[in-house]
Amino acid sequence: MTQTVVTNGIGIGSALAIVIPWDRNKSILYALLHGILGWFYVIYYVIVREK
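Our subject in this report is the structure included herewith. (Residues numbered from 1 in each chain as written. Predicted model: local features only at pLDDT ≥ 70, side-chain atom pairs only at ≥ 80, totals over all residues. Heavy atoms only, no water.)

Counting its regular elements, the protein chain contains 3 helices and 0 strands. Ordering the α and β elements of the protein chain from the N terminus gives α-α-α. For the protein chain, with 51 residues in total, the buried portion stands at 24%. Entry remark: accessible area of the protein chain is about 4,600 Å², with carbon and sulfur atoms responsible for 63%. (Helix = DSSP H or I, 4+ residues; strand = E, 2+ residues; numbered from the N terminus. Buried < 20%, exposed > 50% of the residue type's maximum accessible area, 1.4 Å probe, protein only. Areas by Shrake-Rupley, 256 points an atom, 1.4 Å probe, with all protein chains shown as cover.)

Relative to each other, helix H1 (residues 12-25) and helix H3 (residues 39-48) sit at 50°, their axes nearing to 7 Å. Taken as axis vectors, H1 and H3 run oblique relative to one another. Handedness of the crossing formed by H1 with H3: left-handed. Listed contacts from H3 to Ile12, Gly13, Leu16, Ala17, Ile20, Pro21 and Arg24 of H1 are Trp39, Tyr41, Val42 and Tyr45. (Axes fitted to C-alpha atoms, helices over the stretch in contact; angles between N-to-C directions. Parallel < 35°, antiparallel > 145°, perpendicular 65-115°, else oblique. Left-handed = near helix turned anticlockwise from the far one by under 90°. Contact = heavy atoms within 4.5 Å.)

A cluster of nonpolar residues, Ile12, Leu16, Trp39, Ile43, Tyr44, Ile47 and Val48, forms a patch on the protein surface that exposes about 760 Å² of accessible area. Those elements that place two or more of their residues in the nonpolar patch are H1 and H3. The element best represented in the nonpolar patch is H3, accounting for 5 residues. Within the secondary structure, Tyr44 sits in helix H3. (Patch = residues over 30% accessible without salt bridge, like charges linked within 9 Å, V, L, I, M, F, W, Y side chains within 5 Å. Salt bridge = Lys/Arg side-chain N within 4 Å of Asp/Glu carboxyl O.)

What follows concerns the packing of H1 against helix H2 (residues 28-37). Contact geometry for H1 and H2: axes closest at 8 Å, N-to-C directions at 155°. As summarised for this structure, H1 and H2 are arranged roughly antiparallel, according to the angle between their axes. The two elements H1 and H2 meet at a crossing, and its hand is right-handed. Where H1 approaches H2, its residues Ser14, Ala17, Ile18, Pro21, Trp22 and Asn25 are matched on the opposing element by Ile28, Tyr30, Ala31, His34 and Gly35.

None of this, on its own, says anything about what the molecule does.
Now the structure itself:
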């Protein structure tokens, strides 16, 4: 018995990582870069954000 799982699309970490820099900088380049980095950027943002 074999099981194949295929997933398409982006995860919530990547979606958040795209939205956050777009909201802050309005930069497509930053949004794409952070979208690739995904959860790493989300965690970084939570640690260093201004309150």
